[in-house]
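Summary of the model geometry
This is what each chain is made of:
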Amino acid sequence: SAKSRHKGRHAVFDVAMHAKAVTRLQIETELRQALDNGEFEVHYQPIVLLRSGQTKGFEALIRWRHPLRGLLSPAEFLPIAEETGLIVPIGRWIVDECCRQLAAWYAAGAPSGLSVAVNISNRQFWGGNVIDDIAEALDRHRPPGGSLAVEITEGVVMENVAPARDILNMLHELGCQLHVDDFGTGYSSLEALHRLPIDALKIDRSFVWQINTDRRSGELVRTIVLMGRNLGLDLIAEGIETEQQRAHLLRLGCGYGQGFLFSKPVVADVAYTLLREDA
Ligand code: C2E
Ligand code: MG
Ligand code: MG
Ligand code: MG
């Protein structure tokens, strides 16, 4: 009957939902232990001067080396970390690890000006103790002033400009560089950008990947670059995979870039080797 068929379908749906909930719960439980078990790693992707390809710094990107599931990318666990609030202690660890690594690289003779950019999520920015966490990590490891950069997405900053400005001002006072991540995907007002203590805009990968083939993407990037330069900001293009994309971005006046053309994110030792190679 229609009724039993409906019931059957409902049961299948419940089983699938249940399985999903169990997996999620399992990841959540494992996520709680992962920090204590030392299962997180920071990988580093070079940010280069487009003109010469020389590395100016790295973006820190988290990975979870899961004992059974292998190396997990942020998309596989960060949303759960964000929902549960676990992102706050995890984020604190990342910031500490980046400051420790920066200090270690400088102690080993890294070129002056080397920076590491750390991503700060929505929940970390608004709900955590991001200022205290960063202040404590800087105090503990004492990397050179200005060597730590903080990446916050355009969406998070523009969601609530006045309070965001207070937080950004405090980060600026701590000596952090400030980069607006995934720029172009949200709605920034020029007025807001002008009043925030920002150092760089990161042009989102979605505009870069078809910059040579889609006229609109090219025009958008041109506009972002012009605006950024008028505001005195550095421009960093994300997701550069081809020489053609790099050449096009250079022609538009974009100074910096990041992408598989130069290097994938790599472990700290490999990152340092890359740095030595182009010194
Ligand atoms: P994002 O901050 O925009 O980082 C750039 C992402 O693009 C990275 O993915 C990077 O591996 C990838 N990518 C770089 N170059 C290329 C390229 O040429 N082609 C392609 N297809 N992709 C490229 P990943 O590492 O998977 O990170 C994804 C997102 O997860 C990041 O986007 C960031 O929003 C978040 N995330 C990563 N690490 C952290 C972290 O430590 N803390 C927080 N809060 N978020 C993080
Ligand atoms: Mg980023
Ligand atoms: Mg980005
Ligand atoms: Mg992005």
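Residues numbered from 1 in each chain as written. Chains lettered and ligands numbered in written order. Predicted model: local features only at pLDDT ≥ 70, side-chain atom pairs only at ≥ 80, totals over all residues. Heavy atoms only, no water.

For the protein chain, an unreviewed UniProt entry supplies the name EAL domain-containing protein and the organism Catellatospora bangladeshensis.

1. Some points on the overall build of the protein chain
Put simply, the rule is: Going along the chain from the N terminus, every DSSP run of H or I of four or more residues is numbered as a helix, and every run of E of two or more is numbered as a strand. Note on method: radius of gyration uses C-alpha positions; expected globular size equals 2.2 Å times residues raised to 0.38. Here the term buried applies to any residue with accessible area under 20% of the maximum for its type, exposed to any over 50%, and partly exposed to those in between, with areas from a 1.4 Å probe on protein chains only. When checking whether two residues touch, look at their non-hydrogen atoms; a contact exists if any pair is within 4.5 Å. Every accessible area reported is derived by Shrake-Rupley at a probe size of 1.4 Å, with residue values counting cover from the shown protein chains alone. Neither His nor the chain ends is counted toward charge; the positive residues are Lys and Arg and the negative residues Asp and Glu. Charge placement uses NZ in Lys and CZ in Arg. For Asp and Glu, CG and CD serve respectively.
Tallying secondary structure elements over the protein chain gives 12 helices and nine strands in all. In terms of C-alpha radius of gyration, the protein chain reaches 21 Å, essentially the compact-globule figure of 19 Å for 279 residues. The buried share of the protein chain, taken over its 279 residues, is 47%. Sequence separation of 24 or more characterises 68% of the internal contacts of the protein chain that already satisfy a separation of 6 or more. When the accessible surface of the protein chain is split by element, carbon and sulfur atoms take 53% of a total near 14300 Å². Computed over 29 positive and 35 negative side-chain charges, the inter-centroid distance for the protein chain is 7 Å.

2. A short note on the coordination of the magnesium ion (ligand 2)
The test is simple: The donor set comprises N, O and S atoms within 2.8 Å of the metal, extended to 3.2 Å for Na, K and Ca; water molecules are omitted, so apparent gaps in a site may simply reflect that omission.
Around the magnesium ion (ligand 2), the protein supplies Glu59 (OE), Asn119 (OD1), Glu151 (OE) and Asp181 (OD) as donor atoms, at distances of 2.0 to 2.2 Å. Sequence spacing of the donor residues for the magnesium ion (ligand 2), all on one chain, is E-x59-N-x31-E-x29-D. For the pair the magnesium ion (ligand 2) and the magnesium ion (ligand 3), the metal-to-metal distance amounts to 3.4 Å, and Asp181 bridges them. Taken together, the residues Asn119 in strand E4 (residues 115-119) and Asp181 in strand E6 (residues 177-183) connect sequence positions 62 residues apart. Overall, the relative accessible area of 26% leaves Asn119 in the partly exposed class. On the accessibility criterion, Asp181 (6% relative accessible area) is buried.

3. Considerations on empty space enclosed by the protein
Rolled over the atoms, a probe as big as a water molecule pinpoints where empty space is left. Quick reminder of the rule: Buriedness of a pocket was judged along seven lines, with at least five required to meet protein on both sides within 12 Å; pockets are open sets of points on a 1 Å grid over the protein atoms alone, cavities are sets where a 1.4 Å probe fits but cannot get out, and lining residues have an atom within 4 Å of a point. Grid points are joined across faces, edges and corners, and a volume is the space filled by probe spheres set on the points.
Going through the model one piece at a time under the given rule, you end up with three cavities of 30 Å³ or more. In this model, the largest cavity occupies a volume close to 50 Å³. Along its surface, the largest cavity is lined by Val88, Gly91, Arg92, Val95, Gln124, Gly128, Asn129, Val130 and Asp133. Within the residue set of the lining of the largest cavity, elements represented by two or more residues are helix H3 (87-107) and helix H5 (130-141). The element that contributes the greatest number of residues to the lining of the largest cavity is H3, accounting for four residues.

4. Here's the deal with the pairing of strand E8 (residues 234-237)
What counts is decided by this rule: Any two strands between which DSSP finds at least two bridges are classified as paired. Place the viewer so that the strands point away; then a crossover is right-handed whenever the path from the first strand over the helix to the second strand goes clockwise.
In this structure, strand E7 (residues 200-203) lies alongside E8, joined through four bridges in parallel fashion. What sits directly across from Lys202, in E8, is Ile236. Judged from the two bridges that link them, E8 and strand E9 (residues 256-257) form a sheet pairing that is parallel. Counterpart to Ile236 in the pairing with E9 is Tyr256. At this point the chain moves from E8, through helix H11 (residues 243-252), to the parallel E9, and the crossover so formed is right-handed.

5. Thoughts on the site of ligand 1
What counts here: A single heavy atom is enough: if one lies within 4 Å of a molecule or strand, its residue is considered near that molecule or strand. Polar contact is the term for a pair of N or O atoms within 3.5 Å; when the atoms are in protein, one must be able to donate a hydrogen and the other to accept it, and sequence-neighboring residues count only if both atoms are side-chain atoms. The rule for placing a molecule in a cavity or pocket is simple: more than half of its atoms must lie within 2 Å of the grid points.
Taken together, 22 residues form the shell around ligand 1, and within it Arg63, Asn119, Asp181, Glu241 and Phe260 come nearest. Contact between ligand 1 and Asp181: an oxygen atom at 2.9 Å from a side-chain N or O atom of the residue. Compared with its free state, where it exposes 800 Å², ligand 1 has 81% of that area covered by protein. Put simply, ligand 1 lies in the largest pocket.

6. Side note on the confidence of the model for the protein chain
Here is the rule we go by: pLDDT is a per-residue confidence score from the predictor, ranging from 0 to 100.
Taken over all residues, the pLDDT of the protein chain has a mean of 93, while the share at 70 or more is 95%. Both scores are available for the predicted complex, with the pTM at 0.93 and the ipTM at 0.98.

7. With respect to the pattern of salt bridges
Operational definition: For salt bridges, the criterion is a side-chain nitrogen of Lys or Arg within 4 Å of an Asp or Glu carboxyl oxygen.
Applying the stated criterion across every chain, the model contains 14 salt bridges. Between Lys202 and Glu151 there is a salt bridge, and its shortest N-O distance comes to 2.6 Å. Taken together, the residues span a long stretch of sequence, with Lys202 in strand E7 and Glu151 in strand E5 (residues 148-153) at a distance of 51 residues. Each member of the pair, Lys202 as well as Glu151, is classed as buried. A single salt-bridge network, built from bridges that share partners, covers Arg24, Glu28, Arg32 and Glu83.

8. Here's the deal with the packing of aromatic side chains
Rule in force here: Each Phe, Tyr or Trp ring (for Trp, its six-membered ring) is paired with any other whose centre lies within 6.5 Å, and the angle between the two planes then decides the class: stacked below 30 degrees, edge-to-face above 60, tilted in between.
Tallied over the entire structure, the rule returns nine aromatic pairs. Pairing Phe40 with Trp64 gives two aromatic rings, centres 5.9 Å apart and planes at 45°, and the pair type is tilted. Taken together, the positions of Phe40 in strand E1 (residues 40-49) and Trp64 in strand E2 (residues 55-66) put the pair 24 residues apart, joining distant regions of the chain. With respect to burial, Phe40 and Trp64 carry one shared label: buried. Considering the side-chain rings of Phe40 and Trp93, the 6.3 Å spacing of their centres and the 40° angle between planes classify their relative orientation as tilted. Taken as a pair, Phe40 in strand E1 and Trp93 in helix H3 lie far apart in primary sequence, 53 residues in all. Since its relative accessible area comes to 6%, Phe40 is described here as buried.

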